[in-house]
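One letter stands for each residue in the lines below.
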Amino acid sequence: MNNSVHEHRVALDGKTFKVIATASVGVVDDRTLFTFHEQDNVVSAEYRGGAIRLGYLVGTFCGGRLHCRYVQVDTADQLDSGFAECDLDQTVGGRLRLHEHFRWDSREGSGINVLEEVRA
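First, a word on scope: everything that follows refers to the structure included in this document. This is a predicted model, so every value here is computed, not measured.

Procedures and definitions
- Residues numbered from 1 in each chain as written.
- Predicted model: local features only at pLDDT ≥ 70, side-chain atom pairs only at ≥ 80, totals over all residues.
- Heavy atoms only, no water.
- Helix = DSSP H or I, 4+ residues; strand = E, 2+ residues; numbered from the N terminus.
- Rg over C-alpha atoms; globule rule 2.2 N^0.38 Å.
- Buried < 20%, exposed > 50% of the residue type's maximum accessible area, 1.4 Å probe, protein only.
- Contact = heavy atoms within 4.5 Å.
- Patch = residues over 30% accessible without salt bridge, like charges linked within 9 Å, V, L, I, M, F, W, Y side chains within 5 Å.
- Areas by Shrake-Rupley, 256 points an atom, 1.4 Å probe, with all protein chains shown as cover.
- Salt bridge = Lys/Arg side-chain N within 4 Å of Asp/Glu carboxyl O.
- Pairing = 2+ DSSP bridges.
- Polar contact = N/O pair within 3.5 Å; in protein donor to acceptor, adjacent residues only side chain to side chain.

## Brief notes about the overall build of the protein
From N to C terminus, the protein includes zero helices and nine strands. Counting from the amino terminus, helix and strand elements in the protein follow one another as β-β-β-β-β-β-β-β-β. Taken over the C-alpha trace, the protein has a radius of gyration of 13 Å; the compact-globule value for 120 residues is 14 Å, and the two agree within 12%. Considering only C-alpha atoms, the protein reaches an extent of 40 × 30 × 25 Å along its principal axes. Among the 120 residues that make up the protein, the fraction classed as buried is 40%. For the protein, contacts bridging at least 24 residues in sequence account for 36% of all contacts bridging at least 6.

Next comes the structure, spelled out in structure tokens:
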């Protein structure tokens, strides 16, 4: 069972996440790692791996959700972008999980990616 962390949001700064599920129109996969930074309610992440050569995400928390935009270059040099609203929760084991409800700007499609915190 997942526990909501909306009321007591945990900072994302310094945390690494991996993709554990993706939509059929998604490009990220289980080889894609996201490294998050957070300062004064502004969140950013750099991501790469799998089909993604380099990607960036930037956003803010509002009403318990992370609202963000992303841009990425894949291994075929395709440049894409979009926006997402993300919900953050926590697994029973204490790992943070991010549910990214995304929509492409640069191509057709939308879906949900699920990212989970990687611990050393």
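There's plenty left to go through after this.
## Describing a nonpolar patch on the surface
A surface patch of nonpolar side chains, amounting to about 280 Å² of accessible area, comprises Tyr56, Val71 and Leu79. Residue position: tyrosine 56 is located in strand E5 (residues 52–62). What makes tyrosine 56 partly exposed here is its relative accessible area of 41%.

## Quick word on the pairing of strand E2 (residues 16–21)
Bridging between E2 and strand E3 (residues 33–39) involves three bridges; their strand directions are antiparallel. The residue bridging phenylalanine 17 from the neighbouring strand is phenylalanine 34, located in E3.

## Quick word on the side chain of aspartate 80
Tracing the backbone shows aspartate 80 in strand E7 (residues 79–90). Of the polar contacts made by the side chain of aspartate 80, one reaches the side chain of serine 106; its length is 2.6 Å. In contact with aspartate 80, not counting residues within four places along its chain, are Tyr70, Val71, Gln72, Trp104, Ser106 and Arg107.

## Side note on unusual backbone geometry
In this structure, aspartate 40 is a non-glycine residue whose phi angle is positive, near 50°. Its location among the elements puts aspartate 40 in the loop between E3 and strand E4 (42–49). Even without a glycine there, the phi angle at aspartate 77 is positive, about 65°. Note that aspartate 77 resides in the loop between strand E6 (65–74) and E7.

## Some details on the environment of phenylalanine 34
By the element assignment, phenylalanine 34 lies in strand E3. Residue classification places phenylalanine 34 among the buried positions, given a relative accessible area of 2%. Remark: the alpha-carbon pair of phenylalanine 34 and valine 73, spanning 39 residues in sequence, is separated by 14 Å. Sequence-distant contacts of phenylalanine 34, that is, excluding residues within four places in its chain, are made with Lys15, Thr16, Phe17, Val19, Val28, Glu46, Tyr47 and Leu115.

In short, shape yes, function no, at least from these values alone.
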